Amino acid sequence: MFQELDQSLILLLNYDGGAWTDWFWYTFSGKFIWIGVYVIILLTFFKSCKTDSKLNVKALLWLVLCTAMIIVLADQISSGLIKHLVARPRPSHNPAIEGLLHYVNGYRGGAYGFVSSHAANSIGLALWLCLLFRGKVFRTTIILWSLLTCYSRIYLGVHYVGDIVGGLCVGIVCALMVHYCYRRFVRPSQQIPIQTKEPWLIISAIIATVIYIGTSYFF
C-alpha cells in the first residue's frame, strides 16, 4: 500500500515542465550553487559572536562545529546507513515506473533512495538556524528553501515522497539533538543568545540565489 501510494504521488508530482523548469530545478538541487549562501551564514555567525567589536572565538567555533556536525550526521545516517540497510530502489531505478518519469540531463541518481540525504541535510540546517535566529521572515524563508530543495528531488525523478519524509525526520532529529547538546553542555559564555533580529543577509542571499537560478537560463 505504501509503495503504491508513493508511486502514485511521484507520477503526479513529477512532470516535464519544459527547458526552463528543467534548468531551474536541476540547478536548484545542486550543491555548489548555494556556496554563496553558506558563506553568508558563516559571516552571520561571525557577526553574532562579536560584542563591542570583540570576537568570541570559542562561540564562533562552537557554531561552526555544531553546523558541520548536523550536516555530517544527517548525511551519514541517511546515505551511509539507512539507504544501504533498507535498500529501497529509487523511482528512477524501479522497473514498474522508471519509464513513466521525466528526467533531466540523464540524471537518475544512485541505486537506493530511502532516505533522501538532500531532505535530511537541508531541513537539518534549516531547523538549526531557526533555533538560533527567531525572525519570522527568516524562518519562513529558510524552511521554504528546504521544502523546495526536497521538491527538486521529486521533479528530477530520483526520490519518492516517502524518501523525502524519511529524510526530513532524520534531519529534524539530528538538528534537535545537536541543539540540545549545544545548549546543555556548551558553557553559556561560549554560546550566542537567541537572535530575535531578522538575519537579512541570509534572507537576501537565498532570494538572490533563487533569482539568479531563474534568470541565468537566459544568459
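Up top is the structure.
Residues numbered from 1 in each chain as written. Predicted model: local features only at pLDDT ≥ 70, side-chain atom pairs only at ≥ 80, totals over all residues. Heavy atoms only, no water.

## Overview of the packing of aromatic side chains
Move 1: Taken as a whole and judged by the stated rule, the model has 17 aromatic pairs.
Move 2: Their ring planes at 35° and their centres at 5.7 Å tell us that Phe-24 and Phe-28 sit as a pair that is tilted. Of the two residues, Phe-24 and Phe-28 are both situated in helix α2 (residues 19-28); the distance of four residues between them amounts to about one turn of the helix.
Move 3: Owing to a relative accessible area of 11%, Phe-24 belongs among the buried residues under this scheme.
Move 4: Using a relative accessible area of 1% as the deciding quantity, one classes Phe-28 as buried.
Move 5: Centre to centre, the rings of Tyr-180 and Phe-185 are 6.5 Å apart; their planes meet at 90°, and the pair counts as edge-to-face.
Move 6: Cluster of aromatic residues (ring-pair linked, three or more members): Tyr-15, Trp-20, Phe-24, Trp-25, Phe-28, Trp-34, Trp-145, Tyr-151 and Tyr-155. (Phe/Tyr/Trp six-rings, centres within 6.5 Å; stacked < 30°, edge-to-face > 60°. Helix = DSSP H or I, 4+ residues; strand = E, 2+ residues; numbered from the N terminus. Buried < 20%, exposed > 50% of the residue type's maximum accessible area, 1.4 Å probe, protein only.)

## Notes on the packing of helix α4 (residues 57-86) against helix α7 (residues 161-185)
Move 1: Look at α4 against α7: their axes get within 9 Å of each other, and the N-to-C directions meet at 145°. Viewed along their axes, α4 and α7 form a crossing whose handedness is right-handed. In contact with Trp-62, Leu-63, Cys-66, Met-69, Ile-70, Leu-73, Ala-74, Ile-77 and Ile-82 of α4, α7 contributes Val-170, Cys-174, Ala-175, Met-177, Val-178 and Tyr-182.
Move 2: In terms of residue class, the contact of α4 with α7 is built from 15 nonpolar, no polar and no charged. (Axes fitted to C-alpha atoms, helices over the stretch in contact; angles between N-to-C directions. Left-handed = near helix turned anticlockwise from the far one by under 90°. Contact = heavy atoms within 4.5 Å. Nonpolar A, V, L, I, M, F, W, Y, C, P; charged D, E, K, R; others polar.)

## A word on the nonpolar core
Move 1: Phe-45, Leu-63, Trp-128, Leu-129, Ile-142 and Tyr-182 are the most contacted members of the largest nonpolar core, which has 40 residues in total.
Move 2: For this core, the leading source of residues is helix α5 (residues 117-132), giving eight residues.
Move 3: Beyond its immediate sequence surroundings of up to four residues, Trp-128 is in contact with Phe-45, Leu-63, Cys-66, Thr-67, Ile-70, Ala-175, His-179 and Tyr-182.
Move 4: Counting twelve residues, the second-largest nonpolar core is a separate cluster that includes Ile-154, Val-161, Ile-164 and Leu-168. (Core = buried A, V, L, I, M, F, W, Y, C linked by side-chain atoms within 4.5 Å.)

## Some remarks on the packing of helix α3 (residues 35-48) against α4
Move 1: Their axes nearest at 9 Å, the elements α3 and α4 cross at an angle of 145°. The element α3 and its partner α4 pack so that their crossing is right-handed. Across the interface between the two elements, Leu-42, Phe-45 and Phe-46 of α3 pack against Leu-60, Leu-63, Val-64 and Thr-67 of α4.
Move 2: Here the contact of α3 with α4 is composed, by residue class, of six nonpolar, one polar and no charged.

## Digging into the side chain of Thr-67
Move 1: Within the fold, Thr-67 resides in helix α4.
Move 2: Among the residues examined, Thr-67 registers a relative accessible area of 12% and is labelled buried.
Move 3: Beyond its immediate stretch of four places on either side in the chain, Thr-67 contacts Phe-45, Leu-125 and Trp-128.

## What about α4?
Move 1: Between its terminal C-alpha atoms α4 stretches 42 Å, which fits the 44 Å expected from 30 residues at 1.5 Å a residue.
Move 2: The largest bend along α4 reaches roughly 30° and is located at Gln-76.
Move 3: Buried within α4 are the following residues: Ala-59, Leu-60, Leu-63, Cys-66, Thr-67, Ile-70, Ala-74, Ser-78, Ile-82 and Lys-83.
Move 4: Taken together, the buried residues of α4 touch α3, β2 (54-55), α5 and α7.
Move 5: In the stretch just after α4, Ala-87 is the one whose phi turns positive, near 55°. (Expected span 1.5 Å × (residues − 1). Bend = angle between axes of the 7 residues up to and from the residue.)

## Thoughts on helix α1 (residues 2-13)
Move 1: A rise of 1.5 Å per residue sets the reference length of α1, with its twelve residues, at 16 Å; its end C-alpha atoms lie 16 Å apart and thus fit the reference within 8%.
Move 2: Where α1 is concerned, the buried positions are Asp-6, Gln-7 and Ile-10. One side of α1 carries all its buried residues, which in axial view fall inside an arc of 100°. The outward face of α1, more than 90 degrees from its buried face, is lined by the exposed residues Glu-4, Leu-5 and Leu-12.
Move 3: Buried positions along α1 lie against α6 (136-155) and α7. (Arc of directions from axis to C-beta.)

## Here we look at the environment of Leu-13
Move 1: Inspection of the secondary structure puts Leu-13 in helix α1.
Move 2: Residues within four places of Leu-13 in sequence aside, it is in contact with Tyr-151, Ile-154 and Val-161.

## Some words on the environment of Ser-216
Move 1: Here Ser-216 lies in helix α8 (residues 200-216).
Move 2: Taking the C-alpha atoms as reference, Ser-216 lies 9.3 Å from Trp-23; in sequence the two are 193 residues apart.
Move 3: A distance of 3.4 Å separates a polar atom in the side chain of Ser-216 from a polar atom in the side chain of Trp-23.
Move 4: Only 3.3 Å separates the side chain of Ser-216 from the backbone oxygen of Ile-213, close enough to count as a polar contact. (Polar contact = N/O pair within 3.5 Å; in protein donor to acceptor, adjacent residues only side chain to side chain.)

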